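# Summary of the model geometry
As a plain string of letters, each chain reads:
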Amino acid sequence: MAQNLTPRLDRRQAVDLRLVVGAVALVAVGYLAGTASPFGAQQSRTETGLAMRANDVNGLALFTSDEGNQISFSVDEIHWADGSTHGSGNPPCLQTPWEEAGVDLGVMWVAAPDDVSYERAAWLRCN
């Protein structure tokens, strides 16, 4: 008489397996919905141009893209990268007021109340 060597799941193991598969599917769907929906993390677009610190009093910086778009931002709050170093606030390429530096700026549209929207700098990379 031949023996059946195929393992069989009992009812409890089958239910446990369905729960694990269902949980993994929910996490995957939640991740995709969160990153692809307007309510999840949004991707910025990169603009290349020149930035300069406007003064050494309040951290105001001015950016003009190669296409002519202009955005102001605070050097005290911007996330930055310069080669292999990175940080938050006071990027090394914008230390001296009125000295222009080549940068890439991550820009996003932000919706404000009353159907107003504006562009905001999200990050800066020193070139």
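Below you will find a few notes about this structure. (Residues numbered from 1 in each chain as written. Predicted model: local features only at pLDDT ≥ 70, side-chain atom pairs only at ≥ 80, totals over all residues. Heavy atoms only, no water.)

Looking at the secondary structure, you find P97 in the loop between strand 5 (85-88) and strand 6 (101-112). For the pair P97 and M52, spaced 45 residues apart in sequence, the C-alpha to C-alpha distance is 6.7 Å. Sequence-distant contacts of P97, that is, excluding residues within four places in its chain, are made with R53, N55 and D56. (Helix = DSSP H or I, 4+ residues; strand = E, 2+ residues; numbered from the N terminus. Contact = heavy atoms within 4.5 Å.)

Inspection of the secondary structure puts E47 in strand 1 (residues 45-53). Among the polar contacts listed, one links the side chain of E47 to the side chain of R45, at a separation of 2.7 Å. Within the structure, the side chain of E47 is placed 3.2 Å from the side chain of S65, a separation counted as a polar contact. Excluding its chain neighbours within four sequence positions, the residues that come into contact with E47 are F63, S65, E67, N69, V103, D104, L105, V107 and E119. (Polar contact = N/O pair within 3.5 Å; in protein donor to acceptor, adjacent residues only side chain to side chain.)

Inspection of the sheet shows strand 1 paired to strand 6 by seven bridges, in the antiparallel sense. Residue pairing across strands places L50 opposite G102, the latter belonging to strand 6. As paired strands, strand 1 and strand 2 (residues 60-65) are joined by five bridges and run antiparallel to one another. Note on strand 2: the bridge partner recorded for R53 is A61. (Pairing = 2+ DSSP bridges.)

Position of G89 among the secondary structure elements: in the loop between strand 5 and strand 6. The exposure class of G89 is buried, given its relative accessible area of 13%. The spatial distance from the C-alpha of G89 to the C-alpha of H79 is 6.1 Å, given a sequence separation of 10 residues. With residues up to four places along the chain from it excluded, the contact list for G89 reads V75, D76, E77, I78 and W80. (Buried < 20%, exposed > 50% of the residue type's maximum accessible area, 1.4 Å probe, protein only.)

On to the sheet that holds strand 2. On the basis of which strands lie adjacent, the open sheet formed by seven strands has the order 3-2-1-6-7-4-5 and mixed pairing. The open sheet has two free edges, formed respectively by strand 3 (70-74) and strand 5, since each of these has just one partner strand. Going across the sheet, the axis of each strand differs from the next one's by a mean of 35°, ignoring polarity. Summarising the sheet, strand 2 and strand 3 pair through five bridges and their orientation is antiparallel. By the bridge assignment, F63 is partnered in strand 3 with I71. (Axes fitted to C-alpha atoms, helices over the stretch in contact; angles between N-to-C directions.)

By themselves, these figures tell us nothing about what the structure is for.
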